[in-house]
Amino acid sequence: MLITPTLLLAGCERTLNALLARDPAAPARLAALAGSRLLVRLEKPHLALLLCYHATGVDLQHGDEVEETDVDAVVELTPETLSEWLSGASIERLMFDGKLAVRGRIHLLEATRDLLFDLDIDWESELARWLGDMPAHSLAEGIRRAARWGLRAKDELLQDVSEYVFEEARLLPGRQQRDVLRDHLTELEIATDRLEARLNRLHKRLTQPAEPSTPKEQRG
Amino acid sequence: MSPTEKRTTHFGYQEVPVDEKASRVADVFHSVAARYDVMNDLMSMGIHRVWKRLTIERAGVRPGHHVLDIAGGTGDLTLKFSRLVGPRGKVVLADINASMLRVGRDKLMDNGVGGNVEYVQANAECLPFPDNSFDCITIAFGLRNVTDKDAALRSMARVLKPGGRLLVLEFSKPNNPLLSKAYDEYSFRLLPKMGELVAGDGESYRYLAESIRMHPDQETLKGMMEAAGLERVEYTNLTGGIVALHRGIKL
């Protein structure tokens, strides 16, 4: 379908701009980027995306028909490089490794990453728009308290379960017991090795041809 | 063609004198201007936004470009173009209808658009701009309301810069008979009812459905664009041909 990619892009753009609108740091970053155009080309699957920044967000467009001379920077990358870049690898390192090809204003890339991945969405102010300041703050505090309680409860539960499993029910060995067991096993291994060596020696002695007997006996 | 036939044109399924069509179309849009966006969303189930988005993508507009959005109505395309051309570029929103232009201007101002957008009340048949002045011209769902379409296309080709693109987004003929049948049912039965309920004006929406049927199909419009002096004319059917996006380049 011809309109499916357009529909997807429209959805991404809307979501992205909605998120950016809720980040207090975004307007300053966008103001610095406004008017810039960044063309991102992904090798496999072949995909070209044009990001056009403006003061209130970013427009996403198909980049297939876009000439390189019409944009401020062009980035060519593979999906692996993209994931490395998104997970925080420095652009310089990726460029020196030959994984990332950038032409034009390189700092646009850094700015893009800062804008998109340092999103710090102010949910509380968004809630305040709907509910009013006080209820939103109480609700946000409640959610934060619940989240803290959830984290603490999770830690405690893990602790309790591990104590029960290792110490009380003794279903699994604990770390110390495992270490002792490992020492014993190592000792046993060494002892078996020694025994094996001894057996080998004995076996060799038994199978060796008998020592040449004394001349007297031969003659007898 | 006899002189009497020559002086009439179609207004939906009716034949009206040529001089009357513009004022009748104007009445339709004066009547629907306030609810235009809501009705568009409702009638097309929001798909018109995707069609317009595709038009913008095909327009290839860059910073510094001069863009003319004819019959721009409530400014959907202009809003996006104004961002794409940046402060060095210019977008002219032209519409023959003052009510639509007013709604569009208010909407754009509410969206913080200013500076690089101009508003012009103009007839597409005789555009009040010098030759070779725009890098891109778009007319979305406007051409079928123009009385003399050939004159309008010639006028657009005249004001387009060499190398510039003209994009015509307009209702067309569905290429699947089944879809065509469903579409007819929808537009002649449901559409006027929706118009009656939401915009309080069923007649205008009956005109909309009729004017779509009277509009030239994909190939005819392509021929008309070529006759107007545009080259490399191509079209893309959207949503099974309910809408077609024609693009021509002035060389």
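Residues numbered from 1 in each chain as written. Chains lettered and ligands numbered in written order. Predicted model: local features only at pLDDT ≥ 70, side-chain atom pairs only at ≥ 80, totals over all residues.

A. The overall build of chain A, seen in detail. Scanning chain A for helices and strands turns up 9 helices and 5 strands. Ordered by position in the sequence, the α and β elements of chain A form the string α-α-β-β-β-β-α-α-β-α-α-α-α-α. Taken over the C-alpha trace, chain A has a radius of gyration of 35 Å; the compact-globule value for 220 residues is 17 Å, which it surpasses by more than 25%. Dimensions along the principal axes, computed over C-alpha positions, put chain A at roughly 115 × 55 × 35 Å. Counting the 220 residues in chain A, one finds 15% classified as buried. (Helix = DSSP H or I, 4+ residues; strand = E, 2+ residues; numbered from the N terminus. Rg over C-alpha atoms; globule rule 2.2 N^0.38 Å. Buried ≥ 20, exposed ≤ 12 C-beta atoms within 10 Å, placed from the backbone.)

B. The overall build of chain B, seen in detail. Scanning chain B from N- to C-terminus turns up 10 helices and 9 strands. Against the globule reference of 18 Å for 251 residues, chain B gives a C-alpha radius of gyration of 17 Å, in line with a compact fold. A burial count over chain B gives 47% of its 251 residues as buried. By sequence separation, contacts in chain B at least 24 residues apart represent 68% of the contacts at least 6 residues apart. (Contact = placed C-beta atoms within 7 Å.)

C. Fine view of helix α2 (residues 26-33) of chain A. Residue and element names in this part refer to chain A. Residues Ala26, Leu30 and Leu33 constitute the buried set of α2. Considered in projection along α2, the buried side chains sweep an arc of 60 degrees and stay on one side of the axis. Across α2 from its buried face, at more than 90 degrees, point the exposed residues Ala28 and Ala31. Buried residues along α2 sit against α1 (3-21), β2 (47-54), β3 (57-62) and α5 (107-117). Downstream of α2 by a residue or two, Gly35 has a phi angle that is positive, lying close to 90 degrees. (Arc of directions from axis to C-beta.)

D. Looking closely at the interface of chain A and chain B. Taken residue by residue, the interface counts 13 residues in chain A and 14 residues in chain B. For the side of chain A that touches chain B, the secondary structure elements donating two or more residues are α1, β2 and β3 of chain A. Ranked by residue count, the leading element in the side of chain A that touches chain B is α1(A), at 4 residues.

E. Spotlight on the environment of B:Ser133. Tracing the chain through its elements places B:Ser133 in the loop between β5 (117-121) and β6 (134-140). C-alpha of B:Ser133 to C-alpha of B:Phe81: the two residues are 52 residues apart in sequence and 16 Å apart in space.

F. Here's a closer look at the UniProt feature "coiled-coil region" (unreviewed entry) in chain A. As annotated by UniProt and renumbered to match this structure, "coiled-coil region" (unreviewed entry) occupies residues 178-205 of chain A. The straight-line gap between the two end C-alpha atoms of residues 178-205 of chain A is 40 Å; of that span, 100% is helix and 0% is strand. (UniProt positions renumbered as here; feature names shortened; annotations may be inferred.)

G. Structural view of unusual backbone geometry. The backbone phi angle of B:Ala71 is positive, close to 50 degrees, even though this residue is not glycine. Mapped onto the elements of the fold, B:Ala71 is located in the loop between β3 (66-70) and α5 (76-85).

H. Spatial organisation of the sheet that holds strand β5 (residues 101-104) of chain A. Residues and elements named next belong to chain A. The mixed open sheet is built from 5 strands, whose spatial order is β3-β2-β1-β4-β5. Strands with a single pairing partner mark the edges of an open sheet, and in this sheet they are β3 and β5. This sheet shows a mean twist of 20 degrees between the axes of neighbouring strands, independent of strand direction. The sheet contact formed by strand β1 (residues 37-42) and strand β4 (residues 73-77) spans 5 bridges and is parallel. Within β4, the position partnered with Val40 by the bridge is Val75. (Pairing = 2+ DSSP bridges. Axes fitted to C-alpha atoms, helices over the stretch in contact; angles between N-to-C directions.)

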